[in-house]
Amino acid sequence: MAALRVAPYVCAYSDENEENLHIEIELPGGVDKKDITFKMQETSFSIDAARGDVRYVGTYAIGCPVDTGKAKATFRNGLLAVDVPPYIQPAAEETKQIPIAE
C-alpha cells in the first residue's frame, strides 16, 4: 500500500520583537526527528516527514526573503519550530554625479 500524503498544519508569523519569522509545523502521531527533512530557500521552505505509512509533505512560499544561514529549528512534542531572520539587503548607496574632466 502506498503511503498516505498529508499536508501538515503550518503557521508563520513575526516574533514579538519583529526580528525573526517564526514558523510552526505540526507533525502529530509519533513522528521522529530523524524522519524529518526540512529545507529552506530565501523565499520558500519545504517539509517531508514520515510516520509509518503517512507522509507529511508540503512546499510553502515566504512573503519576504529570509537569511537561511541563520535559521534555527527545534522539534518537541510533534511541533517543528523554526526561527529565521529576514534577509536585510545593504542600504542603497547614494547616487553621486561624478564630474568628467576634459
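Please refer to the structure higher up on the page.
Quick summary incoming for the structure in this document. None of the values given here were measured: they were computed from a predicted structure.

1. Observations regarding the sheet that holds strand β4 (residues 36-41)
Okay, so step 1: If you walk across this open sheet you meet the four strands as β1-β6-β5-β4, and the pairing is mixed. A strand with exactly one partner marks an edge of an open sheet, and here the two such strands are β1 (4-6) and β4. Strand-to-strand, the axes of this sheet are offset by a mean angle of 15 degrees, without reference to chain direction.

2. Concerning the sheet that holds strand β7 (residues 72-76)
Sheets are built from strands paired through backbone hydrogen bonds, the pairs being either parallel or antiparallel.
Okay, so step 1: Spatial ordering of the open sheet is given by β2-β3-β8-β7, a layout of four strands whose pairing is antiparallel. Each edge of the sheet is formed by a strand with only one pairing partner; in this case those strands are β2 (9-14) and β7. Shown here is a sheet whose adjacent strand axes are inclined to one another by a mean of 15 degrees, direction ignored.
Okay, so step 2: By the bridge criterion, six bridges tie strand β3 (residues 21-26) to strand β8 (residues 79-84) in an arrangement that is antiparallel. Paired with E26 across the two strands is L79, which belongs to β8.

3. Some details on the pattern of salt bridges
Should the charged atoms of two oppositely charged side chains come close, the side chains can pair.
Okay, so step 1: Counting across every chain of the model gives three salt bridges.
Okay, so step 2: D67 is paired through a salt bridge with K70; the nearest N and O atoms lie 3.8 Å apart.
Okay, so step 3: According to the relative accessible area criterion, D67 is partly exposed, its value standing at 22%.

4. Examining the pairing of strand β5 (residues 44-51)
Okay, so step 1: Where β4 and β5 come together, six bridges link them in antiparallel fashion. Note on β5: the bridge partner recorded for T37 is D48.
Okay, so step 2: Where β4 folds back on β5, the antiparallel hairpin that results is connected by two residues.
Okay, so step 3: Examined bridge by bridge, β5 and strand β6 (residues 54-61) share eight bridges and lie antiparallel to one another. Pairing of A49 across the sheet is with Y56, part of β6.
Okay, so step 4: Between β5 and β6, which pair antiparallel in sequence order, lie two residues; one of them, G52, sits at a positive phi of approximately 60 degrees.

Thresholds applied
- Residues numbered from 1 in each chain as written.
- Predicted model: local features only at pLDDT ≥ 70, side-chain atom pairs only at ≥ 80, totals over all residues.
- Heavy atoms only, no water.
- Pairing = 2+ DSSP bridges.
- Helix = DSSP H or I, 4+ residues; strand = E, 2+ residues; numbered from the N terminus.
- Axes fitted to C-alpha atoms, helices over the stretch in contact; angles between N-to-C directions.
- Salt bridge = Lys/Arg side-chain N within 4 Å of Asp/Glu carboxyl O.
- Buried < 20%, exposed > 50% of the residue type's maximum accessible area, 1.4 Å probe, protein only.

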